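So the chains spell out like this:
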Amino acid sequence: LSRGLGDVYKRQIKNVVDLVVLHTTVVDEKGNFVPDLTRDNFRVFEDKIEQKISVFSKEDVPVTMGLVIDNSGSMKEKRPQVNEAALSFVRTSNKQDEVFVVNFNDEYYLDLDEDFTSNTDELHEALEKIDTRGSTALYDAIIGSLDHLKKGHRDKRVLLVITDGDDDASRKDFAYTVKAAVESNALIYAVGVFSDEDRKSNKKMIRKSKKDLTTLAEATGGLAFFPDNLSNVDSVCTEIARDIRNQYTIGYYPTNTNKDGTFRAVKLELIPPKGRAKLSARTRTGYYASKSQPAD
């Protein structure tokens, strides 16, 4: 299994529905990525029962990713810098990634002539389709984008969500959105961009937005960021791209083989090498088991 994730995915992940895959980031006390661990440094528990690690690899594999960008009225002055940050994210990512752009306000819409691209000029053109108006249907945009990820050709899937507001227009609620995110097996990274004026006049909204974005990201193994000012969004997006490219892939076949569609809590335990105690690992918090199809 050390020959590369391309082979691993082809032989063990893509065609085996029951394999649970954990994309895992490990950092030291300074936040630096730790690239030299082995499978012996990890233990995996599902519903408190230890599982046997069957797949282990550390490689920069290409991903299918969606850029989900708030296009509501409050984003008008923020979009130019947000767009440049999103392009920095793509430039820092794996050159074999396939990307789509979703702009959203009270509706969400795919802004590429083709479903996916790795061409930065095409992505720049899609991001420039700015019509900042209306409300914020954040949850619906995330759910629609998760569904679009399924059309991709890469096995690792990511959403980068950039917004400045709390949802006030979606048909689906937050709980449904979190469940859809966990079921998708995608990593979600969120960036909340709030101006000084937002912080003065919308404190309650910002608190709720931060809570929701953090919950959503952490449930999938991603992260949420809330930069102090708009000029820091570019560096945050670059950091996210590096995080995606520096992850371990850990897979196991669950001992609980019931196809009952229930949620299974996952805990990853890190066993640091001697002399390196202050390491931390991040991955998704669980998954939903597959569900048996009724007999005809």
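Above this text sits the structure in question.
The sections below set out a description of the structure shown in this document. (Residues numbered from 1 in each chain as written. Predicted model: local features only at pLDDT ≥ 70, side-chain atom pairs only at ≥ 80, totals over all residues. Heavy atoms only, no water.)

**Overview of the pattern of salt bridges**
Worth spelling out the cut-off: Within this document, salt bridges are pairs made up of a side-chain nitrogen of Lys or Arg and a carboxyl oxygen of Asp or Glu, the two lying within 4 Å of each other. The cut-offs for exposure are 20% and 50% of the maximum accessible area for each residue type, with area from a 1.4 Å probe on protein chains only; residues under the lower value are buried, those over the upper are exposed, and the others partly exposed.
For the structure on display, the rule yields 17 salt bridges. We note a salt bridge from E50 to R43, for which the minimum N-O separation is 2.7 Å. Given the relative accessible area of 39%, E50 is considered partly exposed. With its nearest N and O atoms 3.9 Å apart, the salt bridge here joins R199 to D196.

**As for the packing of aromatic side chains**
Here the distance between the centres and the angle between the planes together describe a pair of aromatic rings. Selection criterion: The rule is short: rings of Phe, Tyr and Trp, with Trp giving its six-membered ring, pair when the centres are within 6.5 Å, and they are stacked under 30 degrees, edge-to-face over 60, tilted in between. Put simply, DSSP marks the helices as runs of H or I at least four residues long and the strands as runs of E at least two long, and each gets a number from the N terminus on.
Counted according to the given criterion, the structure contains seven aromatic pairs. Aromatic pair F42 and F56: ring centres 5.7 Å apart, planes at 45°, arrangement tilted. In this pair, F42 sits in strand β2 (residues 42–46) while F56 sits in strand β4 (residues 53–58), placing the two residues 14 residues apart along the sequence. Accessibility assignment for this pair places F42 and F56 in one class, buried.

**Quick look at the packing of helix α4 (residues 138–149) against helix α5 (residues 174–184)**
For clarity, the threshold we go by: Axis lines are fitted through C-alpha atoms, for helices just across the contact stretch, and the angle between N-to-C directions can take any value from 0 to 180 degrees. With respect to orientation, any angle under 35 degrees is reported as roughly parallel, any angle over 145 as roughly antiparallel, any angle of 65 to 115 as roughly perpendicular, and every other angle as oblique. Crossings are classed by handedness, with left-handed meaning an anticlockwise turn of the near helix from the far one by less than a right angle and right-handed meaning a clockwise turn. Contacts were defined at the residue level, with two residues in contact if any of their heavy atoms lie within 4.5 Å. For this classification, the nonpolar set comprises Ala, Val, Leu, Ile, Met, Phe, Trp, Tyr, Cys and Pro, the charged set comprises Asp, Glu, Lys and Arg, and every other residue, Gly included, is treated as polar.
At their nearest, the axes of α4 and α5 sit 10 Å apart, and the two run at 20° to each other. If you check the angle between α4 and α5, you find them roughly parallel. Crossing angle aside, the handedness with which α4 passes α5 is left-handed. Counted together, Y139, I142, I143 and L146 of α4 and F174, Y176, T177, A180, A181 and S184 of α5 form the full contact between these two elements. Looking at side-chain class alone, the contact of α4 with α5 contains eight nonpolar, two polar and no charged residues.

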